[in-house]
Amino acid sequence: GTRRSSSRKTRGLYETVCVPIDNTALDTELLSKLPSAPSTTYFEEESAWRFHNPAFPSNSFEQLSILRDERTIPSITPAVSSYDLQPLPSPPPLPELPNTGFCQWSFDEKSRVLLAKFIPFEEKKLFGKIMVNPEDERFLLRMMERDDITVISEGLADEISASLWTKEYITGCIGSEYHHKFRAFQKKSRTVTKVHSTTTIEYHEEQPGWYSMKVASYFEYLEKRRSVQGTQQEGGESSDGSEKMFSFEDSNGKEHCINAEDVSLYMIDVDLIKLLPKSFEDLQNNFKLSSILPGGSHCMMNAVNVNGRPFMGPNLYITPPSSFTHFHQDGHGTVDSGHLCLSGYNEVVMLRRLPERHKCRALELLNGSSNTSYSTLYGLPHRDDLDPSLGWPTKGAIRFCEEMGYCPSVFILKPGQMVHINKGRLHAFRKLSTSSLHVTDCHHDLRQTLQESIGSTEQLCFSIAWDWMFKGVTSEGINRELSSILECVRLNSAHSLQSLAIPETALLFLAKENVAKHSTTSKNDSASLIQGRSLSVEGKAGLEPDPMTVLRGILASLQYVVHRHNSAVRLSKEWGWEREEKQFKWAKVSIDEKPNTWQDPGTFSLDPYGAGDFFCKLCM
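Reading the values: rules and limits
- Residues numbered from 1 in each chain as written.
- Predicted model: local features only at pLDDT ≥ 70, side-chain atom pairs only at ≥ 80, totals over all residues.
- Heavy atoms only, no water.
- Helix = DSSP H or I, 4+ residues; strand = E, 2+ residues; numbered from the N terminus.
- Buried < 20%, exposed > 50% of the residue type's maximum accessible area, 1.4 Å probe, protein only.
- Polar contact = N/O pair within 3.5 Å; in protein donor to acceptor, adjacent residues only side chain to side chain.
- Contact = heavy atoms within 4.5 Å.
- Arc of directions from axis to C-beta.
- Pairing = 2+ DSSP bridges.
- Axes fitted to C-alpha atoms, helices over the stretch in contact; angles between N-to-C directions.
- Core = buried A, V, L, I, M, F, W, Y, C linked by side-chain atoms within 4.5 Å.
- Phe/Tyr/Trp six-rings, centres within 6.5 Å; stacked < 30°, edge-to-face > 60°.
- Lys NZ or Arg CZ within 6 Å of the ring centre and 35° of its normal.

**Student:** For the side chain of Arg146, give the residues involved together with the corresponding values.
**Tutor:** Assignment of secondary structure puts Arg146 in the loop between α3 (134-144) and β5 (150-154). Take Arg146: its relative accessible area is 12%, and that puts it in the buried class. Of note is the side chain of Arg146, whose polar atom sits 2.8 Å from the side chain of Asp148. Ignoring sequence-local partners within four residues, the contact set of Arg146 consists of Pro91, Pro92, Pro93, Leu94, Pro95, Arg112 and Asn422.

**Student:** Which residues make up helix α7 (residues 277-286), and what values go with them?
**Tutor:** For α7, the complete set of buried residues consists of Ser279, Phe280, Asp282 and Leu283. All buried residues of α7 fall inside an arc of 155° around its axis, so they share one side. Here the buried face of α7 lies against α4 (167-174), α6 (272-275), β14 (336-343) and β19 (461-468).

**Student:** Outline the sheet that holds strand β13 (residues 324-328), supporting the account with residue identities and numerical values.
**Tutor:** Adjacent strands of a sheet pair through backbone hydrogen bonds, lying either parallel or antiparallel. Taken in spatial order, the four strands of this open sheet run β13-β18-β15-β16, and their pairing is antiparallel. One side of each edge strand has no neighbouring strand; the edge strands of this open sheet are β13 and β16 (409-413). Across this sheet, the average inter-strand angle for adjacent strands is 15°, counted without regard to direction. Here three bridges tie β13 to strand β18 (residues 427-431), and the two strands are oriented antiparallel to one another. Across the sheet, the residue bridging to Thr325 is Phe429, located in β18.

**Student:** Summarise the nonpolar core; cite the residues concerned and give the values.
**Tutor:** Core analysis: the biggest nonpolar cluster contains 79 residues, and Trp165, Tyr218, Phe287, Leu316 and Met469 have the highest contact counts within it. The dominant element in this core, judged by the number of residues it contributes, is helix α14 (residues 547-582), at six residues. If you look at the next biggest cluster of nonpolar residues, it comprises 29 residues, including Leu354, Tyr378, Met404 and Ala428.

**Student:** I'd like a description of the pairing of strand β4 (residues 113-118), backed by residues and values.
**Tutor:** Taken across its six residues, β4 has five buried, putting it largely inside the fold. Here strand β3 (residues 103-108) runs beside β4; their pairing, made up of six bridges, is antiparallel. Across the sheet, residue Gln104 finds its bridge partner in β4, namely Lys117. Where β3 folds back onto β4 in an antiparallel hairpin, the turn is made up of four residues, including Arg112, whose phi is positive at roughly 55°. Relative to β5, β4 runs parallel, the two sharing five bridges. When the sheet's bridge partners are listed, Lys117 is paired in β5 with Glu154.

**Student:** I'd love a proper account of the packing of aromatic side chains, names of residues and values included.
**Tutor:** All told, the structure shown has 13 aromatic pairs when counted by the stated rule. A centroid spacing of 5.8 Å and a plane angle of 75° characterise the contact between Phe287 and Trp466, whose relative ring orientation is edge-to-face. Taken together, the residues span a long stretch of sequence, with Phe287 in the loop between α7 and β12 (315-319) and Trp466 in strand β19 at a distance of 179 residues. Considered together, Phe287 and Trp466 belong to a single accessibility category, that of buried residues. In this arrangement the basic side chain of Lys181 is found over the ring face of Trp210, its NZ or CZ atom lying 5.4 Å from the centre. Above the ring of Phe56, the side-chain terminus of Arg357 is found at 3.9 Å from the ring centroid.

**Student:** Outline the side chain of Glu206, supporting the account with residue identities and numerical values.
**Tutor:** Considering the arrangement of structural elements, one finds Glu206 in strand β7 (residues 198-206). The exposure class assigned to Glu206 is buried, which follows from its relative accessible area of 12%. At 2.7 Å, the side chain of Glu206 forms a polar contact with the side chain of Arg183. Reaching out from Glu206, the side chain makes a polar contact with the side chain of His382 at a distance of 2.9 Å. If sequence neighbours within four positions are ignored, Glu206 has contacts with Arg183, Ala184, Phe185, Phe324, His326, His382 and Leu386.

Structure (structure tokens):
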């Protein structure tokens, strides 16, 4: 579920007015504290649901998800059509960039990309090594709280072992295994006619359904594709095109035959932890910011035991150029993502985090249609119901998004670079190919400039990506992260979707952990149970938020979650009473006398700390 909140500074502490969004009883005192106007001229995400999320007109086929009781929590803005929707306020300016000598910082105002280029250390003892200076790391994490810019880091993966990421190593480990998530993209062409010229534009169209094949067969396909392209360059192509065909057998024994040149096969979601554990270990040990991996110290799931966390990667992705991923929000808006490009180039479009109404408007601008917003917001990025006519955004569409205050980032992610994708941000990826783009394509100029330096040889795209739940490092940032994730969880519930993230579980464990940490550091007589060890400040001081910062940041969301759970208990009892009185057919939701965590794990059938034994009866 979620609550949205209004915020204000009081006596130096960050406070938030907790506003539930279901139909449970509301505290009139809290409601009276809601402001009647934004408290700043900049875009304020905490109050955007009231000031920047107007309803659609009553006669529109699109309508917002009903989350709040408008009789008790009215929206400030009246219903408007898409054309009358007002732009969002501008974001605040960036602070001054660090200058430590360990990282080269730059900000491109047009693309809104903040690049942190970590450079090798030149001191003799660590010559050629990447060292992340604490000042750079603190600034990087603070900037990752901002969703109006796109944070790209370069150099953090420079020290992973090249030998554990080769074709030979991967096929040696899992070549005989069948992988079941291959997506096909068929090459096509269209003619664009102007007054005095005609141009043929190549493009690729995603095909419905999934292929399965052995991993070794996929690398054979890649070699076949490379061989076909080499033969063409030498002028040795046969008349019937038979040399382009590649055959493989799926896991059911069915034979498939595709044109290796015209079809780009995208291998998606190869689980590194299960299938390539040494490669995962290498990433975990040598990636210079492992704290932003799933369950890392800056992930909300860090306080949750490993068995209680849903799987979020990292996963491996391999594809020839031209494949793409349509606009989507990872985990239906509930998780952040990290995308580490190791080879090839990714053309990316990404918007800032938006209220639901503005997400619909943005998709209408980017796709040229308002019929795709539901499937984009609440569907999977690779799905069969996509309109094949949807193209890549034009320069004009990006210009409209800029005018609406959506802070679009249009950029190319290069080898060695990692992009942080904040939760709830609409984004699309396209693997850069050697073909030319139409002049109206938003990446036309960037691709043309890059091709002048890298040439026309096709480059394999090889990436590692993962989902995670960025916690934030300031009280304000933590509050925004939780507000956003709980809002999207509630939206998903309204559309009968299960969220990937576990915000309520993470929130409760964060509260317990940080109360315990604060109790340890605040008591003068606290002593370690380790004999001979005195208490001291341990770990990376200053890089992780202190317990009080976390507790201030989570307070409003924790109040909401506790309120919602208490309401669920009351509701279940009322259901029980009504069932007894009226003999209704629905099942009774009862509260066990003894919590599962109090049971003897040697005899109890459920794992109360696991991730797979529970679901919510009220949500099913």
